[in-house]
Every structure is written in C-alpha cells, then in structure tokens.
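Structure at a glance
For reference, the chains in residue letters:
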Amino acid sequence: MEVNEANNLAIKRCLPNADDEQTEPEQYKKIKLSETGISSDTGKHTEIIEGGLQALPSQQNENNEKEDEEELDNAVLEDDEGDGDTFADMMKYGLVEQDVGITKFVSSHQGFSGILKERYSDFVVHEINKDGKMVVLDDLSVPADDEEPSEDIFSVLSAQDKQRLEDLQHFKNKEDSVVIEVVEDTKEKRTVIHQAVKSLFPGLETKTEEREGKKIIVAYHVAGKTALANPRKHSWPKSRGSYCHFVLYKENKDTMDAINVLSKYLRVKPNIFSYMGTKDKRAITVQEIAVVKITAQRLSHLNKCLMNFKLGNFSYKKYPLKLGELQGNHFTVVLRNITGSNQQVEQAMTSLRDTGFINYYGMQRFGTTAVPTYQVGKAILHNKWSEVMDLILKPRPGAERGYLVKCREEWAKTKDPEAALKKLPVKRCVEGQLLRGLAKYGMKNIASAFGMIPRNNRLMYIHSYQSYVWNKIVSKRIEEYGLKAASGDLVLKGATAVPIEESDVEKHTIHDVVMPLPGFDVLYPKHKIGKAYEEMMAADGLDINNMKHKIRDYSLSGAYRKIIICPENVTWEILVYDDNKIPLVHTDVEKLEGTPLPESCKDGKYKALKMDFSLPPSTYATMAIREVLKMDTSIKNQTQLNTVWLR
C-alpha cells in the first residue's frame, strides 16, 4: 500500500460536507478500542442545501432542567430560522483538513469529482443494532394487545366532534379549545371520551369542567402550555414490558429535533426516550428508539399527523436502549455528477473495500466557525476558565445565525449575561446555557457557570482536543512508518494494548494497529511516535503524564482507536440520469408504499456513483468518501468548490 499526501487537490472537485453518523465517547472509564457513545449533534453541524451551503448551530441536547414549553417549541422550530449572510464569504475563516491533521491517503488511484447530498435523500443511514442486524422500517402494524383500549371506544365521538378536534390539532380553527358534551353523563363515559381524544388526536389534552350544572369535556392544544409539565399517568399492564421499542424513519431531521417533536405531540418530556446513537439532519435515517410507557397504538397515530416521519416495527420490552449499544451504521450514498471514468471508480471502490481508509476524526468534530472546538477543550484542560468563557462567547467571523451574532456583540459590549441572553430567542444552545450560568454564579465562578451546559456538550470540547491530537499524530505515524505494522506499534489483546515486538512484526498488519487518544490510563507507542505525543502536548502547555483534572469530569483516561478501517458490505454501481431532482435511492417508506424508483436512462447527461458500506461506531463516513474522491472535505474548501461549480 502506498501513502499519498493530500496535496494539489483539483480545484474543480465539488464535495459538500457529509453529516456523518457516529457515536462519540461520553467518558473514557476503561481502556477500550472505541468510545462509548454519546450524541455528537451538540456541535455546530454544517448542512448542505440544494444549490449551496448553510450552517446550522444544532445545539439541542437533553436537559433535565425545568424549561417552559414555549421555549421547547422554539427549539423544535429552530431549524426554520435563518439569516441572509453569504455563506461562502463567512466560511473563508473556517478550518481546512490540514489544520486538524488530516493529510494522508492510503490509496494510489486518481481522484475524481462528485457532488454529495445534492438532495438529502442521496444520503441514507440505517442503524446496525447490537445483534448486528440492520434496522429497517418494514411494518406499520400495531401489535395485538388484549389490554389495549379497542377501536370501539372511538365511536363515542361524533363525526362533527372528530372534525373539530382534527382542526384544533392542526391549528386550523380560530378557537383554542373544543367543548364536547357528554350525552350520558357518567364517570365511565367521560373516561372513554378522554381516552378517545388522546388516542386519536396526539398533541391534545382534555379536562372535565362543570358549566351551568353540567359536566363537559374540554379538549385543547398543549403546545406552549406550562400547566401540563407532568401529564397524568395512565395505568400500564404489569404483563407488558415498560418500554415500547419502535423504528423511527425520518427525513431531514437530526435525532434530538425528532425526539423534541415526538415529545411535544405526545405531551411528555424528551428524556423518557432512549436510543443507541444520534443521526444527523441532512439525510434519511432509520434507527431504533425506545420510550417509557407510551403505547404502540398512540405512537402509530403520529403517522397521521407528522410530515417526514414514519414510526413502525413496534414491540414491548423490559429494557430501554443505551447509547453506544449499536454495532455501527450502514450507509447508502449517492455521489452525483461524477467525472471519473468507470475504471477510476472501480479502482477507488476496490481500494476502499480491500484496503480501507485512515480513521481520521472528520471535520464536523472541530466546529465550523473561526473558533475551533479543540481550542476550547485545551483551555478547559488548562483550567483557564476566563479563556473558556471568552472562546465560547466572543464575536467571531464565520457562519452563524443572526441572533447569535447579536448575542455575541452584546456580550462584548456589556459583559452582562442577562442583556446578552435577551438577544437569544432559543436559550438552550451552549451560549445560552453558559450565559444562564454566569447570571446565576457570577464572573468569579465561571467553572460552575460552565457546568450549566449539559455534560455531553461540555465533554465535546475536550474530546475535540483529543481528536485533534490523534489526527496529527496518526499522520506522523503513517509518514514515518508507512502502512505496515512496525516494532513499537500498539495492538489490542482483549481490552489491553501491548507493543509489537520486533520478532512479531510479520504477524501483524496495519489493520491491527491502534493509536491512543491521550489520557492518564493509556499506553503510548514504543517508538519515536510515543515521543511525538509528548512533544505535541508539551507545545500546548500540557503534561502527557498528568491528564487528571481538578474537576473529575474533565480528567481524561484515554482510549484506543484503529488507524485504518475497512468498511464492510461494500457494493457500488454507476447510474446514469438526466434529471437532478429524481431520487436514486429506494427508501423504506417507498418500499412500504410500493412506489417504484424512476427507470434509469441509458443515455443520460449525468453519471452518479451509488455506494453502500457499513462502518463501526465513531467512524466518519466523510473520511471514507474522502478516500474515494481524494479531496479536502472541509466546509471552507467545499464552499469554494461549490461556488465555482454553481457558476
């Protein structure tokens, strides 16, 4: 295998950024091959829109603090906001791959141009569960349950009542409530009506009131209401598992946005949902979700009122899902308008299948603005809290929403957290949480103020620094020793890393070699690369032999990560098409509905590469695609390329 430098990349290649599906580490408690999973969607992801690029600060994360429903609604709708700044101009301040150590290729084929995510349906992700099976949506039926209320109870509602309730549910009427008269007024009859409304019309709540000596039932929309933060508990059969597991199919929504939407319509808190990994926005994604004591019937009714969602494959189980339990993700990716010859494509995909790609952390790991997340992480490790505060809140060039720009300007001008908070319509972002903390604890206790940010978000910064070091050092390792195992490299025996002895070098390949993320509980390579770790961190003012922090959360034990990843289940085909708008991937929903794919034309103007492959958790699909196309995947570079292509 040859090592190739990432130099002189063709200026005409156009690859917008991929929203990789990966699971990030929560905390390195034991020495292990790859990180246990937490959501990575707390960083600022950059999304591709048709015909251009757009940055979305996707800061939504589970938060156990009490926050009013109105703010939740704003958070759910955050994606709909935008500003009119020119993305290409703003992104000239961003990072490129070389800045974060991504400099090598393993293959020798000639790269070619292609457009990723021209449509979000060009990027389809299916989760691979802990049993190694691909999660698919192929059954919309509700499992039979003798203890589930029968459909007969819904006959208690008249056709007129149903129409009025449907209009209320979809905000089509001017009234904020619907009154239902109870003809035969008994407690049992009222209970049946309450059940019927909630089952048929998710998002509506009911209450009984007395007017003019008669008891009536009032149905109303819960969105924005605070009185129902703790909805009434319904009885749950003891024989049924407490968790309803289901497959969630979603289009153009990240996992936390989707859960916020589901929780809003079901009138529950987001933290009753569990999942194995997060999926990013600009894609079609299919994953397993579990929810506490919500019936399959109730979940199924959401299919009638939610766009770009489908719920199915329901089952009841006694356990929730845990982050990191998944074995990986299967990707179906379409690169449109490729310029490579059939021979080039064959060489590139054969190399990806047989040799793999360098397991770099992708550009999403490091942020999209002029302040990389690893810089914040380094300041945390230094215990420099004023610097942490400044890096997160200060104005910066780059792609950001207008309200964040105004918030930063207010902070720079006044250093008043309350005044800066008023500029944020959605206060659940990292900046909003930090400002809340500063308002509560004051400027003399910034560490506690920073602690107001959800733990996963806080750890994201120091994990970003670890990733930065790992990328840089792995490039040095490949430059020094190539793509063969070397004496002093590390390999895993069980969960323990051991150095390769000179006599055992021939027994190992580069696919066996792991490199550590820096921490207090890892072994470093026993050749000159071990010294390179020490020198790089010393240059950053950090002692590699003292990675414990005064605050336990920020102590890094370390972990091991394979240098080279070989994707599994790799297949590919070249498609020809005329219309850029036609779908080239058959989705689960289209299969369920019997919708055929458009027929491929033999003499189309454009050529596309459709590729399928499976990756383990914490592995970036963009890095696999980078190896195929041989190009820089940074948003800065992609924006420049895309601008050229659009002319």
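From a predicted model like this one, the values you see are computed outputs, not experimental measurements.

Glancing now at the environment of H126. By the secondary structure assignment, H126 is in strand β6 (residues 123–128). The spatial distance from the C-alpha of H126 to the C-alpha of G328 is 8.9 Å, given a sequence separation of 202 residues. Ignoring any residue separated from it by four or fewer positions in sequence, one finds H126 in contact with M134, V135, V136, V286, N329, H330 and D588. Within polar-contact distance, the side chain of H126 engages the side chain of D588 at 3.1 Å.

Attention now moves to the pairing of strand β9 (residues 214–221). The element β9 is extensively covered by neighbouring structure, given that 6 of its 8 residues are classed as buried. As paired elements, strand β8 (residues 204–211) and β9 share 8 bridges and run antiparallel to each other. Across the sheet, residue E209 finds its bridge partner in β9, namely I216. Between β8 and β9, which pair antiparallel and follow one another directly, the connecting turn spans 2 residues, one of which, E212, has a positive phi of 55°.

Moving on to the side chain of H194. Relative to the assigned elements, H194 resides in helix α4 (residues 187–200). Overall, H194 belongs to the buried group, its relative accessible area being 10%. Separated by 2.6 Å, the side chains of H194 and T206 make a polar contact.

The strand order across the open sheet built from 4 strands is β17-β16-β18-β19, with neighbouring strands paired in antiparallel fashion. The two strands at the open ends of the sheet, each matched to only one other strand, are β17 (496–499) and β19 (559–562). Geometrically, the sheet is characterised by an average inter-axis angle of 55° between neighbouring strands, direction not taken into account. With respect to the sheet, helix α14 (residues 455–481) is in contact with β18 (513–517) and β19, its orientation differing from that of β18 by roughly 145°.

Moving on to the pattern of salt bridges. Tallied over the full model, the rule gives 20 salt bridges. For E410, the salt bridge identified is with K413, shortest N-O distance 3.9 Å. Here the residue E410 and the residue K413 both occupy positions in helix α10 (residues 402–414), the gap between them amounting to 3 residues, near one helical turn. A relative accessible area of 13% means that E410 is categorised as buried. The exposure class of K413 is exposed, given its relative accessible area of 65%. The residue D553 makes a salt bridge to R455 at a minimum N-O spacing of 3.2 Å. Taken as a pair, D553 in the loop between α15 (528–539) and β19 and R455 in helix α14 lie far apart in primary sequence, 98 residues in all.

Before going further, it helps to spend a moment on helix α9 (residues 385–393). Looking at α9, one finds that the buried residues are W385, V388, M389, L391, I392 and L393. Summarising the contacts, the buried residues of α9 are in contact with α8 (373–381), α10, α12 (430–441), α13 (446–450) and α14.

Let us now look at unusual backbone geometry. At N313, a residue that is not glycine, the phi angle is positive and equals roughly 50°. Under the relative-accessibility criterion, N313 is labelled partly exposed at 24%. Even without being a glycine, N383 presents a positive backbone phi close to 65°. With respect to the helices and strands, the residue N383 is situated in the loop between α8 and α9.

It is worth spelling out the environment of C429 at this point. Here C429 is to be found in the loop between α11 (417–421) and α12. Residues C429 and N457, 28 residues apart in the sequence, show an inter-C-alpha distance of 9.7 Å.

Before going further, it helps to spend a moment on the packing of aromatic side chains. In the structure shown here, the tally under the stated rule is 14 aromatic pairs. Measuring from ring centre to ring centre gives 4.0 Å for Y374 and Y468, while their planes differ by 5°; the resulting arrangement is stacked. Linking Y374 in helix α8 with Y468 in helix α14, this pair joins segments that are 94 residues apart in sequence. When the centroid spacing of 5.5 Å and the interplanar angle of 45° are considered together, the rings of W385 and F450 count as tilted. Residue W385 is located in helix α9, and its partner F450 is located in helix α13; the two are separated by 65 residues in the primary sequence.

Analysis parameters
Throughout this description, residue numbers start from 1 for each chain and increase along the sequence as written. Where local features are concerned, this predicted model is filtered to residues with pLDDT of at least 70; where side-chain atom pairs are given and counted, the filter is 80 or more; whole-chain, interface and lining totals use all residues. In computing side-chain values, all of the structure's heavy atoms are included and hydrogens and water are not. Each helix is a run of DSSP H or I of at least 4 residues and each strand a run of E of at least 2, with the numbering of both proceeding from the N terminus. In what follows, a contact means two residues having at least one pair of non-hydrogen atoms within 4.5 Å. Counted as a polar contact is a pair of N or O atoms within 3.5 Å, where, for protein atoms, one must be capable of donating a hydrogen and the other of accepting one, and residues adjacent in sequence contribute only when both atoms are in side chains. Three labels apply to residues, based on accessible area from a 1.4 Å probe with only protein chains included: buried if under 20% of the type maximum, exposed if over 50%, partly exposed otherwise in between. Paired strands are those between which DSSP finds at least two bridges. Only the stretch in contact is used when a helix axis is fitted, and all axes are lines through C-alpha atoms; the angle between N-to-C directions ranges over 0 to 180 degrees. A pairing counts as a salt bridge when a side-chain nitrogen of Lys or Arg comes within 4 Å of a carboxyl oxygen of Asp or Glu. Two rings from Phe, Tyr or Trp (for Trp, the six-membered ring) form a pair when their centres are within 6.5 Å of each other. A pair whose planes differ by under 30 degrees is stacked, one over 60 is edge-to-face, and the rest are tilted.

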